[in-house]
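# Overview (structure and organization)
Okay, here's what each chain looks like letter by letter:
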Amino acid sequence: FTMACQNNDEATKETFHSNYFAYTLEALREHVYSILNDVDQMTMEAQSYDLETHPRVPVIVAHNNLVRDTFSMTASLLDSMG
């Protein structure tokens, strides 16, 4: 693959992509869904903290929501690919 990239061999690169697309897609899906799961767990944990002693919890939760929204859109795109 490296040689194909260095030599601009598009046909060979396309063959590699075709052969490994399913594996790459599954690895990306696993990663994205793992992040979604982690962000949900961290959000639930953050929401259990007392705001008097942890006043930045709303900022953390807002960030987690942004991450969840972004990764949810990515998951949808990956799911539509196959």
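Everything here concerns the structure above.
In short, a report on the structure. Worth saying up front: this structure is predicted, and the values here are computed from it rather than measured. (Residues numbered from 1 in each chain as written. Predicted model: local features only at pLDDT ≥ 70, side-chain atom pairs only at ≥ 80, totals over all residues. Heavy atoms only, no water.)

Another point: the overall build of the chain. Across its full length, the chain holds 3 helices and 0 strands. For the chain, the succession of helices and strands along the chain, N to C, is α-α-α. For 82 residues, the compact-globule estimate of 2.2 N^0.38 gives 12 Å, and the chain exceeds it by more than 25% at 19 Å. Each of the three principal axes of the chain carries a C-alpha extent, and together these read 60 × 25 × 15 Å. For the chain, the residues scored as buried account for 18% of the 82 residues in total. Summarising the internal contacts of the chain: among those between residues at least 6 apart in sequence, 60% fall at separations of at least 24. Of the accessible surface of the chain, which amounts to about 6,200 Å², a share of 60% is contributed by carbon and sulfur atoms. Taken together, the 4 basic and 12 acidic charged side chains of the chain have centroids lying 5 Å from each other. (Helix = DSSP H or I, 4+ residues; strand = E, 2+ residues; numbered from the N terminus. Rg over C-alpha atoms; globule rule 2.2 N^0.38 Å. Buried < 20%, exposed > 50% of the residue type's maximum accessible area, 1.4 Å probe, protein only. Contact = heavy atoms within 4.5 Å. Areas by Shrake-Rupley, 256 points an atom, 1.4 Å probe, with all protein chains shown as cover. Lys, Arg positive; Asp, Glu negative; His and termini not counted. Charge placed at Lys NZ, Arg CZ, Asp CG, Glu CD.)

Right, let's get into the side chain of Arg-29. Here Arg-29 is to be found in helix H2 (residues 10–47). Judged by relative accessible area, Arg-29 falls into the buried class, the value being 15%. If near-sequence neighbours (up to four positions away) are discounted, Arg-29 is found in contact with Leu-78, Asp-79 and Gly-82.

In the contact formed by H2 and helix H3 (residues 57–80), the axes pass within 9 Å of each other and the chain directions differ by 155°. The angle between the axes of H2 and H3 places the two elements in the roughly antiparallel class. Note that H2 runs across H3; the crossing there is left-handed. Considered class by class, the residues forming the contact of H2 with H3 number 16 nonpolar, 6 polar and 4 charged. (Axes fitted to C-alpha atoms, helices over the stretch in contact; angles between N-to-C directions. Parallel < 35°, antiparallel > 145°, perpendicular 65-115°, else oblique. Left-handed = near helix turned anticlockwise from the far one by under 90°. Nonpolar A, V, L, I, M, F, W, Y, C, P; charged D, E, K, R; others polar.)

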